[in-house]
Amino acid sequence: MIDIQRLPKHIAIIMDGNGRWAQARGMVRSKGHQAGVEAVDRVTAECSRMGIKYLTLYTFSTENWNRPPEEVNAIMQLLITSLVEETFMKNNVRMRVIGDRKRLSPEVRKCIEDCEEHTSVNNGLTLVIALSYSSRWEITDAVQHIARQVLEGNIKPADINEQTIAENLESHFMPDPELLIRTGGEQRISNYLLWQCAYSELYFTDIFWPDFDEKALHQAIEDYQQRERRFGKTSAQVKAETEK
Ligand code: IPE
Ligand code: IPE
Ligand code: MG
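Residues numbered from 1 in each chain as written. Chains lettered and ligands numbered in written order. Predicted model: local features only at pLDDT ≥ 70, side-chain atom pairs only at ≥ 80, totals over all residues. Heavy atoms only, no water.

A. Structural view of the site of ligand 2. Taken together, Ile14, Met15, Asp16, Tyr58, Thr59, Phe60, Asn64, Arg67, Arg182, Arg188 and Ser190 form the complete shell of residues around ligand 2. Arginine 67 is positioned such that a nitrogen or oxygen atom in its side chain is 3.3 Å from an oxygen atom of ligand 2. Expressed as a share of its isolated accessible area of 390 Å², the protein-covered part of ligand 2 is 78%. Per-element tally for the shell around ligand 2: the top contributor is strand 2 (residues 54–61), with 3 residues. (Near = heavy atom within 4 Å. Polar contact = N/O pair within 3.5 Å; in protein donor to acceptor, adjacent residues only side chain to side chain. Areas by Shrake-Rupley, 256 points an atom, 1.4 Å probe, with all protein chains shown as cover. Helix = DSSP H or I, 4+ residues; strand = E, 2+ residues; numbered from the N terminus.)

This is the structure:
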């Protein structure tokens, strides 16, 4: 049973396995991405219903630009058709994108900018789409920002601390995820939220993303709630703190 008092505030997901899901059914890979959109809708609605505040979905990595152009185009087209503003407005969802926008086509850029602007008034779930995203890109971009501020004389190098770095990341507006889920069977991070997941609980499942549903999400949250998060302390210390 899920303890609704102890829900993670932020869940991050690596939505993997679309291509294999389609291939196992004799379909082209893009059909898997299409089916993946339905899983996105299910999981977003369920997180919203449960009162989770942030959901970050790894949708397209900077490395994914190296896929065959037909697949990249199919994913970009799908993105345009599936970012339906009306659904976000109806569910009080605020949508934000993190990633290297310079590489996106003007059409995709316009679509996400409009959606971000119109949904910015919502205060329910914040849905963060990691698009043309990689963590090393994000950290490099933050380092450039900080270096410029040093050059302008606004920060002294000795004053740069963890908070300075966190504040200069594009994802500065979201808290660190307590739970990171990866579907599709691989057990790796694939350049996702490396800074932010320093202390996240990792959960891997073999389920391909298009098959991921409410039940699978609940299982991941239940598993997370069984963990003792010690943050370097001893178990006795953690127990004493929770009994306070
Ligand atoms: C994840 O599914 C979606 C994207 C990376 C865009 P994949 O397309 O990686 O599916 P598999 O891992 O090849 O099955
Ligand atoms: C990670 O999946 C990226 C997304 C889910 C968007 P990949 O399928 O691209 O990752 P690798 O290649 O297995 O590491
Ligand atoms: Mg994959």
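Resuming the write-up.
B. The pattern of salt bridges, seen in detail. With the rule as written, the count across this model stands at 18 salt bridges. The shortest N-O distance in the salt bridge between glutamate 71 and arginine 67 comes to 2.8 Å. Overall, the relative accessible area of 29% leaves arginine 67 in the partly exposed class. Among the ionic pairs, arginine 229 bridges to glutamate 201, the shortest N-O distance being 3.3 Å. Here arginine 229 is found in the loop between helix 8 (214–226) and helix 9 (235–243), whereas its partner glutamate 201 is found in strand 6 (residues 201–204), with 28 residues between them in sequence. Through salt bridges with shared partners, a single ionic network connects Asp16, Arg20, Arg182, Glu186 and Arg188. (Salt bridge = Lys/Arg side-chain N within 4 Å of Asp/Glu carboxyl O. Buried < 20%, exposed > 50% of the residue type's maximum accessible area, 1.4 Å probe, protein only.)

C. Structural detail: unusual backbone geometry. A positive phi is found at asparagine 191, a non-glycine position, where the angle reads about 65°. Relative to the assigned elements, asparagine 191 resides in the loop between strand 5 (179–182) and strand 6. For asparagine 191, a relative accessible area of 15% puts it in the buried group. The backbone phi angle of phenylalanine 231 is positive, close to 45°, even though this residue is not glycine. Mapped onto the fold, phenylalanine 231 is located in the loop between helix 8 and helix 9.

D. Layout of the site of ligand 1. Taken together, Met15, Asp16, Gly17, Asn18, Gly19, Arg20, Arg29, His33, Thr59, Asn64, Arg67 and Ile75 form the complete shell of residues around ligand 1. Separating an oxygen atom of ligand 1 from a side-chain N or O atom of aspartate 16 is a distance of 2.8 Å. Within the backbone of glycine 17, one N or O atom sits 3.4 Å away from an oxygen atom of ligand 1. Put simply, ligand 1 lies in the largest pocket. Put simply, the parts of the chain that give the shell around ligand 1 at least two residues each are helix 1 (18–23) and helix 2 (29–50). If you tally residues by element for the shell around ligand 1, the top one is helix 1, at 3 residues. When its residues are assigned to classes, the shell around ligand 1 shows 2 nonpolar, 6 polar and 4 charged. (1 Å grid on protein atoms, 1.4 Å probe; cavity = no way out; pocket = protein on both sides within 12 Å on 5 of 7 lines; lining within 4 Å. Sits in = over half its atoms within 2 Å of the grid points. Nonpolar A, V, L, I, M, F, W, Y, C, P; charged D, E, K, R; others polar.)

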